[in-house]
Amino acid sequence: MVDLATILAGFGDAFTLYNLAFVLLGVTLGQMVGAVPGIGPIMAMAIAIPFTFGLDSLPAIAFLVGVNKGGLVGGAVPAVLMNTPGTPDAAATALDGHPLAKQGKPLKATKMALFSSITGDTFSDIVLITVSAPLAILALKMGPIEVAALMIFAFSILAGLIGNSLTKGVIAAAFGVLVASVGQDPEHYTPRLIFGYWDVFDGLPLPAVAIGMLAMSEILHRMPLAHGGVQSAIETNDTGNPDDRRVTWAEYWSCRFTLLRGATIGTILGAMPGIGSTAAAFMSYAMTKASSKEPETFGKGNIQGIAASESANSAVVGSNLIPLLTLGIPGSVGAALIISAFMIHGMQPGPLLFESQGRLVYGLFGAMIMANFVNLWVGQVGLRIWVKVVSAPESIIFASAILLCVVGVSMATSGLFGVAIMLIFAVLGSLMTSFGYSLVIFIIAFFLGPRFEKSIAQALALTNYDLTQVIYSPVALALLILSAVSVVWFLRKNAEAARAETA
């Protein structure tokens, strides 16, 4: 589908000083915000999207990918130094990272986290580059009926895997699809649910919804928790021994099987929509501990525990883009935000992207590889700097984030109307979080809603509204059966968990 000349041209576009500057900026920003507990790369990506409007497609998307990659590295810093993960996926890193730091080896712990993160990230990027194009060819053979069934299957998996309640997951997904239906009907092009506000005739603005739900709602949720505006002090001391400040080649090589296992787990789970990097990190950590000859050392500063969690959570970043680029289905909130960047720049993710924008896709692959090397270099230089960032007062962090949210949304949308939409969804997001409804499911359903509705309409038109015609599509029938089986399995799992909790 993509010839060699297009691939080489794409990589040639990526490896320029101009793109390198934006990758460097994204990685640096990602590591910095990842080091601040509660901010994280997702909020940074949501805020940064409007500021990429004036950029070309490749540097804009490469910048956002850099923020995402850098954020996972930065998230390990407070996990190690403060036992407070900067991102949820760094929680497993804190299990051994913080005990090792308390032993007077904070730099050894953070450097091992950095090296493990780069290893897992690079592994998943290689898998992404090699398998995405063949999978896109297979995806092109899927018609509207198969796509509609695939969407239903994706929603059933997402609703069950994210959160503790399948019911709340389904409600969050349905709410996301409902919000996505605001605007014109894709089949008849008539207005729906606009209530006289013609500003939303083309749908609710993606930046306003994303920033409101992911950034502003988190700020509203965390502000009452801030005590005096200052975060906890860092209670680790350096032994002064040079060997305790570095990771030797022998130490890194001793973790090779752990790194490979973690990278493989992260890549496989990342390619499945909705599972995410947190589950990958804890699964890798548990398997590493179970296979270790000294499991009693885990949780006490074992460097293998750091390698297991960081290689797995970072491997998810690359493999998350596999379903996005091949099927147009985001595997995580970060991938959903990248979808919004694609759409803002006039591109529709999916199998046709390789055919219509093959050069750009391989330019993105080149930027991802470049971001890994930049991540390694910035991490080596910035580890000591991020220690200062961790101690920044929350009052300054939240005030700056709110200002950036307002400015970004007003630039990306129709002025104050977009800001009003952002504030509405900030309140909705805060309420959903308080009552246990997943924002991840809502955001992914919101992005997939228009395509899901369009595929359903096309499937009904092709079958003349006869749902029994699905039996003539083995792929669609298999996906619908899997959807039903997954819903039943998740219901039984939740019921068993409820009985165990009661007991």
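For the structure given in this document, a descriptive report is provided here. Keep in mind the model is a prediction, meaning the values are calculated, not measured.

Right, let's get into the overall build of the protein chain. Within the protein chain, the regular secondary structure consists of 21 helices and two strands. When contacts within the protein chain are restricted to residue pairs at least 6 apart in sequence, long-range pairs at least 24 apart make up 80% of them. Carbon and sulfur atoms make up 68% of the accessible area of the protein chain, which amounts to about 21,400 Å² in all.

With that out of the way, let us pick up the packing of aromatic side chains. Using the criterion set out here, one finds ten aromatic pairs in the structure. Taking 5.1 Å as the distance between ring centres and 75° as the angle between the ring planes, the aromatic pair formed by Y18 and F22 counts as edge-to-face. Taken together, the residues span about one helical turn, with Y18 and F22 both in helix α2 (residues 17–34) at a distance of four residues. Taking relative accessible area as the criterion, F22 reaches 17% and is therefore assigned buried. Look at F425 and F442: their rings are 6.3 Å apart centre to centre, the planes differ by 40°, and that puts the pair in the tilted class. One end of the pair, F425, is in helix α19 (residues 416–434); the other, F442, is in helix α20 (residues 439–462), with 17 residues separating them in the sequence. For the pair F425 and F442, a shared accessibility class is recorded, and that class is buried. Three or more aromatic residues joined by ring pairs form one cluster here, namely F11, F15, Y362 and F365. Above the ring of Y437, the side-chain terminus of K168 is found at 5.4 Å from the ring centroid.

Before going further, it helps to examine the packing of helix α11 (residues 256–270) against helix α13 (residues 303–319). Put simply, α11 and α13 touch, their axes get as near as 7 Å, and they point 35° apart. Pair α11 / α13 crosses with right-handed handedness. Between α11, through T258, L259, G262, A263, G266, T267 and G270, and α13, the contact on the second element is made entirely by Q304, A307, A308, S311, A312, A315, V316 and S319. Considered class by class, the residues forming the contact of α11 with α13 number seven nonpolar, eight polar and no charged.

A rise of 1.5 Å per residue sets the reference length of helix α5 (residues 91–102), with its twelve residues, at 16 Å; its end C-alpha atoms lie 17 Å apart and thus fit the reference within 8%. Counting buried positions along α5 gives nine out of twelve residues, so the element sits mostly inside the fold. Restricting attention to buried positions, one finds in α5 the residues A92, T93, A94, D96, G97, H98, P99, L100 and A101. Positive backbone phi, at 90°, marks G104, one or two positions downstream of α5.

Among the nonpolar cores identified, the biggest contains 93 residues, and L204, L325 and F365 are the most heavily contacted of them. Residue contributions to this core peak at eleven residues, all from α20. Those residues in contact with F365 that lie beyond four places of it in its chain are F11, L128, I129, S132, L325 and F354. Within the second largest apolar cluster, 22 residues are counted, among which are V77, L81, V247 and I306.

Definitions and cut-offs
- Counting starts from 1 at the beginning of each chain's written sequence and moves along it residue by residue.
- The model is predicted, so local features are restricted to residues of pLDDT at least 70 and side-chain atom pairs to those at 80 or more, both for listing and for counting; the totals for chains, interfaces and linings are taken over all residues.
- Note that the side-chain values use all heavy atoms of the structure and ignore hydrogens as well as water.
- Strands here are runs of E lasting at least two residues and helices are runs of H or I lasting at least four, both read from the DSSP assignment and numbered beginning at the N terminus.
- The criterion used for residue contact is that any of the two residues' heavy atoms lie within 4.5 Å.
- Per-residue and other accessible areas follow the Shrake-Rupley method at a 1.4 Å probe size, with only the shown protein chains counted as cover for residues.
- To pair, rings of Phe, Tyr and Trp, with the six-membered ring standing in for Trp, must have centres within 6.5 Å; the planes then decide the type, stacked if under 30 degrees apart, edge-to-face if over 60, and tilted in the middle.
- For every residue, the accessible area obtained with a 1.4 Å probe (protein chains only) is divided by the maximum for its type, and the residue is called buried under 20%, exposed over 50%, and partly exposed between those limits.
- Lysine and arginine charges are scored as sitting over a ring when NZ or CZ, respectively, is within 6 Å of the ring centre and within 35 degrees of the ring normal.
- Orientation is described by lines fitted to C-alpha atoms, with helices fitted over the stretch in contact, and by angles between N-to-C directions that extend from 0 to 180 degrees.
- Each crossing gets its hand from how the near helix is turned against the far one by less than a right angle, where anticlockwise is left-handed and clockwise is right-handed.
- For this scheme, ten residues count as nonpolar: Ala, Val, Leu, Ile, Met, Phe, Trp, Tyr, Cys and Pro. Four count as charged, namely Asp, Glu, Lys and Arg, and the remainder, Gly too, count as polar.
- A helix's residues, less one, multiplied by 1.5 Å, set its expected span.
- Among buried residues, the Ala, Val, Leu, Ile, Met, Phe, Trp, Tyr and Cys ones that are joined through side-chain atoms within 4.5 Å form a nonpolar core.

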